[in-house]
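# Secondary and tertiary structure notes
Here's the letter readout for the chains.
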Amino acid sequence: MIATYHNHSTWSDGKDSVATLVDWAADHDVDEIGVSDHLVLRPDGTLPKWSLEPARVGDYIADVLAQRRADGPTVRLGLEVDWYPGHADLIRDGLDGLPLDYVLGSVHEIGPFVLDGSPASWDKLDAAGQDEMHRRYWIHMRSLAESGLFDIAAHIDLNKKFGHRPTIDLSAEIDAALDAIAAAGVIVELNTAGWHKPCGDAYPSIGLLEACCRRGIGVTLSADAHQSGHLLRDFDRGAARLADAGFTRLARFAGRQVTYDRIEQCIPEHESHE
Ligand SMILES: [Zn+2]
Ligand SMILES: [Zn+2]
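Residues numbered from 1 in each chain as written. Chains lettered and ligands numbered in written order. Predicted model: local features only at pLDDT ≥ 70, side-chain atom pairs only at ≥ 80, totals over all residues. Heavy atoms only, no water.

## Details of the overall build of the chain
Scanning the chain from terminus to terminus reveals eight helices and eleven strands. Taking 19 Å as the expected radius of gyration for a compact globule of 274 residues, we find that the chain reaches 17 Å, a close match to that expectation. Dimensions of the chain, computed from the C-alpha atoms along their principal axes, are close to 55 × 45 × 35 Å. Residues counted as buried form 56% of the 274 residues belonging to the chain. When contacts within the chain are restricted to residue pairs at least 6 apart in sequence, long-range pairs at least 24 apart make up 75% of them. Here the chain displays about 11,200 Å² of accessible surface, and carbon together with sulfur accounts for 48% of that area. (Helix = DSSP H or I, 4+ residues; strand = E, 2+ residues; numbered from the N terminus. Rg over C-alpha atoms; globule rule 2.2 N^0.38 Å. Buried < 20%, exposed > 50% of the residue type's maximum accessible area, 1.4 Å probe, protein only. Contact = heavy atoms within 4.5 Å. Areas by Shrake-Rupley, 256 points an atom, 1.4 Å probe, with all protein chains shown as cover.)

## A short note on the sheet that holds strand β9 (residues 219-222)
In spatial order, the strands read β1-β2-β3-β4-β7-β8-β9; together these seven strands make up an open sheet with parallel pairing. At either margin of the open sheet sits one strand with a lone partner, and together these are β1 (3-4) and β9. With two bridges joining them, β1 and strand β2 (residues 32-39) adopt parallel strand pairing. Residue pairing across strands places T4 opposite I33, the latter belonging to β2. Taken strand by strand, helix α8 (residues 235-245) contacts β1, β8 (187-191) and β9, and its axis lies near 160° from that of β9. (Pairing = 2+ DSSP bridges. Axes fitted to C-alpha atoms, helices over the stretch in contact; angles between N-to-C directions.)

## Side note on helix α7 (residues 206-214)
Owing to its 3.6 residues per turn, the α-helix aligns residues three or four sequence positions apart on the same side. Buried within α7 are the following residues: L208, L209, A211 and C212. Down the axis of α7, the buried side of the element spans an arc of 160°, and every buried residue falls inside it. Packing partners of the buried residues in α7 comprise α5 (127-146), α6 (171-184), β8 and α8. G216, located one to two residues past α7, shows a positive phi value of around 80°. (Arc of directions from axis to C-beta.)

## Remarks on the nonpolar core
The biggest cluster of nonpolar side chains holds 75 residues, and the ones touching the most others in it are Y60, M141, I181 and L242. Here the element with the most residues in this core is α5; it accounts for six residues. Excluding residues within four positions of it along the chain, I181 makes contact with M141, A145, A153, I156, V186, V188 and I217. Residues A3, Y102, L104 and I187 belong to the second largest nonpolar core, which totals nine residues. (Core = buried A, V, L, I, M, F, W, Y, C linked by side-chain atoms within 4.5 Å.)

## Regarding the coordination of the zinc ion (ligand 1)
Protein-derived coordination of the zinc ion (ligand 1) comes from E80 (OE), H108 (NE2) and H155 (NE2), at a distance range of 2.1 to 2.2 Å. Between consecutive donors of the zinc ion (ligand 1), the numbers of intervening residues give the motif E-x27-H-x46-H. (Donors = N, O, S within 2.8 Å, 3.2 Å for Na, K, Ca; no water.)

## With respect to unusual backbone geometry
Residue Y203 is joined to P204 through a cis peptide bond whose omega torsion reads -10°. Position of P204 among the secondary structure elements: in the loop between β8 and α7. A positive phi is found at H155, a non-glycine position, where the angle reads about 25°. Position of H155 relative to the elements: it lies in the loop between β7 (152-153) and α6. With a phi close to 65°, R256 is a non-glycine residue in the positive phi region.

## Regarding the pairing of strand β3 (residues 74-82)
For β3, the tally of buried residues reaches eight of nine residues, placing the bulk of the element in the interior. Judged from the eight bridges that link them, β2 and β3 form a sheet pairing that is parallel. By the bridge assignment for β3, V35 is matched with L77. In this view, the connection linking β2 to its parallel neighbour β3 by way of helix α2 (residues 57-66) has right-handed handedness. Across five bridges, β3 lies against strand β4 (residues 102-106) in parallel orientation. (Right-handed = clockwise from strand over helix to strand, strands pointing away.)

Here is the structure:
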């Protein structure tokens with residue numbers, strides 16, 4: 001049972017259409033493919049270029065659902081939605097009534113600061129400023145979980161993307177975030193895209209994964225693919241890391257309900273390295 005949930009199409013910042021993603025999945029023995037384009041509902045109403053237009057969510061959903069074919073993989077409908085503390089109602093209203101299988105919650109922005117846009121924005125901060133951004137990141141992650149809006153917390157240590165590491169002890173903030181994720185029943189993901197970023201490490205680090213596993217938090221395995229050839233990128237390596245961290249099961253989603261498969265059933269025989 002090979003399932004992958006965190007993937008982007010041309011509806012947001014991906015390179016391939018939903019149809020192309022599903023065709024590739026069908027050709028590579030993927031049993032279940034989820035599409036999770038970005039929907040960014042900023043409190044100030046502006047729209048980044050990497051987001052699906054809110055007015056076109058209905059068209060996006062129709063396109064994803066149209067790829068459900070009798071002889072193809074199971075197609076799941078998702079969204080990757082940014083979390084802005086204090087604005088749960090805005091996000092709840094934006095998602096209300098949508099026939100989603102799962103919602104990924106992400107922190108890409110802290111106020112006007114875009115965490116994962118370019119290393120230059122981090123480099124402009126001094127060490128204390130960077131430390132404060134890391135600290136605020138984990139406080140955002142905690143409230144993301146507490147909001148009750150999200151099924152999966154995406155790339156939970158995205159703040160390391162460009163290799164900037166905190167110089168202060170943030171274990172209290174991190175523990176609080178992970179405790180909130182566990183208490184809310186939110187799932188995390190092993191996101192293999194980080195292996196291809198300057199940090200050179202999947203999201204999250206092995207230490208964080210072990211901390212999630214100890215808390216009984218569930219996990220999915222995804223490549224955060226922005227093109228079809230990346231749908232299963234590093235899945236063998238990711239599955240090995242999950243096993244190292246102590247996980248024996250992977251979460252699956254349908255209609256915002258979670259079930260589990262044993263991890264060894266979820267590793268592809270033929271993996272793409274494109
Ligand atoms: Zn993301
Ligand atoms: Zn993503």
